[in-house]
Amino acid sequence: MKTSYKLYFSFLFVLLTFSLSSAQTGEIFRLDGGNSTYAFGVNERGDLQPLYWGGRLGAHDSIPPAHSFPEMASFDSPATTTPQEYAGWGAGLFTEPALKVSFADGNRDLVLHFFKIASSSSNSAEIVLKDISREIYVTLAYSMDSESGILARSASIENREKQPVLIEQAAFAQWTLPPAHYTLSYLTGRWAGEWTLNQEPIQGGARVLESRRGSTGHQANPWFAISREGGRDTATAADEEHGEVWFGALAWSGSWRMTVEHTQLDALRVTGGFNPFDFGYKLKPGEHLDTPIFYAGYSAHGLGGASRLLHHFELAHILPQAPDPKPRPVIYNSWEATEFKVDEAGQMALAEKAASIGVDRFVMDDGWFGKRNTDHAGLGDWYVNPEKFPHGLKPLIDKVHSLGMDFGLWIEPEMVNPDSDLYRKHPDWVLNFSGRPRSESRNQVVLSLARPDVRDYIEGFLDKLLTDNDIAFLKWDYNRNWSEPGWEQVPADEQKRVYVEFVRNLYSILANLRKKHPKVEIESCSGGGGRVDLGILHYTDEVWPSDNTDPFDRILMQDGFTYAYTPQIMMAWVTDSPHWLNGRSTSLAYRMLSSMQGSLGIGANLNHWGDEDFATAKRLIAAYHSVQKTIVQGDLYRLMNPRDNSELSVTETVSNDKGQAVVFAFVNATNKGRGFPLLQLRGLDPTAEYKLSWIEGKSWPDTPDTASGAWWMNHGIQLMLKGDYQAAAFRLDRQR
Ligand code: DGJ
């Protein structure tokens, strides 16, 4: 037996002894939803202690009460050995705290004990904690989704002291998992290289995932999944479709941090919230800080099951159109075709071509406003460029409408070029420390959105833009991260609140615009996928996952993306070949099928297309429209993943009523004459009959046209697919 388990079992023994000898039983809170149960209780010291998180327990099962763990030698006191729901930094806590504060008198010890139940039901609770002597109250909110079992947790920290208190670190929630061997999955990236799925065994120490950039960032995404590995008699190793997985995501679009900690006593804790780096939130007497939400859930069906739960949860509870968001319109976007060279005639010509292939929405990208001919000037000047659009936007919008499409427009409201009228008028409106340089990136600086006047300016011009023009969609871009984040209009000891107030103001603008212009839909873009999280997704209908539109790279990135986010929000444009980034040449059909795995768009220069291209795109857009809801809102199964230099990749999506399945298969290189492996499908109704129709490609001769779900899942289908960068797609439709 490994030492760590000896330790664990000795704890269990102590717990048992406590239970038998002590008559004291604390409060127990139990939440049930979907296939999971979450429980915590109050131990004899008054700590709020996690008790259980995993598969759903029987309705009448009792949960043993909480008992604090003993000291571990003289080095780890019960504050460290006992897991807590939300640990204050104090009393000998050496593991990651949820909350760290400094009091006005220099005291920095914070020990949070159960104070009262503010509310409680079978799937929600509000529990108030209080410091053992100071007037600091923390209300922990829990709400479990009855369908998915995904739990929403947040904290509200209130100062009822007579002096201000400085919050130096505040998590949205902490999670504790039972001792076992685990694998951590997390997503990292960079510009044009987002959504890399990393997987590694969790060993002693801490793995920190974070953004210090003021926004979510490309560098890492605030999502994690932890799969249970074999190694214990009772444990089953988790993989794509089997085994236990715990997962979570932060609903916050500012600097964030998640710490996955395998403590020195082999406990596993995940702490996530505001990034404590450069953080400081002063709470005056009577003030409170409400944290955003940390969502987390449990699946007994591997990473695939975990991502399916998240997808359905996002569709049903996170997105602005929840619980029934419409599949995204197929868009055309002019960026890769024209860059900044937009004008009325050029956009109208592209719109005509886009309409001819079945596009639903025409989006004009950067370059339509101010003196915006390159990325050196114009940001901040949100008037229509009179040389490019002498009659305003109306003629173009009318033309787009007459072609049966709606109209969308690119904006980047939080930024300004120093070469702009706005900056010349308000040079003080940007994030900076006075007397210090203002570092530019892409020739732009960040507006100080924490300022109320900047907030009002942005909301004002956007409101006017949407009132004056018939705009159905905004692509909301954000093309750099923060530097020199000074906010000098408030006292020095309040300036670090910028990390919170900036994002709150962004959310409030988005919320107000949506209320005033309820038909307008919004995409979150940040030079690609730099602002994708469950916070922004509460206000935006879709995201731009990456500026990298290479169809082969995208297959891999889409694989990573969908571990955390639903394909409904994953915009995917078909662009030109050879691709500008990698120089890779691919067929239009391959590019179309790669993009059809998400929410399809076209971003190619249609002026360069021939008749055959138009015909291929028209045929595949029509095919996409007929199965789109299944692709973007169904159950996603990754039959073959494209990671680790795999030559193959296959996804299958099954509609929620199991009436339809859509399969995409890709081969990037056939080597040594290998045939495409047999595909055994998943998630179908075994007793129903399904009819096979090809969207692109074909199966081996003698494949039945119609067969039972059991046949497609057990016998499987053999594709005829080989070559370099080849793709196939088919659908199965239930017959009876
Ligand atoms: C970055 C975006 O990701 C691109 O799609 C495009 O909109 C450019 N900005 C425009 O400047």
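Structure's up top.
Let us look at the structure shown here.

What counts, and where the lines are drawn
Residues numbered from 1 in each chain as written. Predicted model: local features only at pLDDT ≥ 70, side-chain atom pairs only at ≥ 80, totals over all residues. Heavy atoms only, no water. Helix = DSSP H or I, 4+ residues; strand = E, 2+ residues; numbered from the N terminus. Rg over C-alpha atoms; globule rule 2.2 N^0.38 Å. Buried < 20%, exposed > 50% of the residue type's maximum accessible area, 1.4 Å probe, protein only. Contact = heavy atoms within 4.5 Å. Areas by Shrake-Rupley, 256 points an atom, 1.4 Å probe, with all protein chains shown as cover. Lys, Arg positive; Asp, Glu negative; His and termini not counted. Charge placed at Lys NZ, Arg CZ, Asp CG, Glu CD. Axes fitted to C-alpha atoms, helices over the stretch in contact; angles between N-to-C directions. Parallel < 35°, antiparallel > 145°, perpendicular 65-115°, else oblique. Left-handed = near helix turned anticlockwise from the far one by under 90°. Nonpolar A, V, L, I, M, F, W, Y, C, P; charged D, E, K, R; others polar. Pairing = 2+ DSSP bridges.

Thoughts on the overall build of the chain
1) Next: Counting its secondary structure elements, the chain contains 13 helices and 35 strands.
2) Next: For 736 residues, the compact-globule estimate of 2.2 N^0.38 gives 27 Å, and the C-alpha radius of gyration of the chain, at 27 Å, lies within 12% of that figure.
3) Next: For the chain, the spread of C-alpha atoms along the principal axes amounts to about 85 × 70 × 40 Å.
4) Next: Every one of the 736 residues in the chain was classed for burial, and the buried ones make up 62%.
5) Next: Taking all contacts inside the chain whose residues are at least 6 apart in sequence as the whole, residues at least 24 apart take part in 68%.
6) Next: Carbon and sulfur atoms provide 51% of the accessible area of the chain, an area that totals close to 27,500 Å².
7) Next: When the 70 basic and 91 acidic side-chain charges of the chain are each reduced to a single mean position, those positions are 0 Å apart.

As for the packing of helix H10 (residues 551-564) against helix H11 (residues 588-595)
Each pair of packed helices can be described by the angle between their axes along with the distance between the axes.
1) Next: Remark: H10 packs on H11, axes separated minimally by 9 Å, with the N-to-C direction vectors making an angle of 20°. Of the possible angle classes, the one that applies to H10 and H11 is roughly parallel. Note on packing geometry: the crossing formed by H10 with H11 is left-handed. Side by side, H10 and H11 meet where Pro 551, Phe 552, Arg 554, Ile 555 and Gln 558 of the first sit next to Tyr 590, Arg 591 and Ser 594 of the second.
2) Next: Taken together, the residues of the contact of H10 with H11 sort by class into four nonpolar, two polar and two charged.

A closer look at the pairing of strand S35 (residues 726-734)
1) Next: Counting buried positions along S35 yields seven of nine residues, so the element is predominantly enclosed.
2) Next: The pairing of strand S32 (residues 660-667) with S35 spans eight bridges and is classified as antiparallel. Paired with Val 662 across the strands is Arg 731, a residue of S35.

The quantities given are spatial measurements derived from coordinates; they are silent on function.
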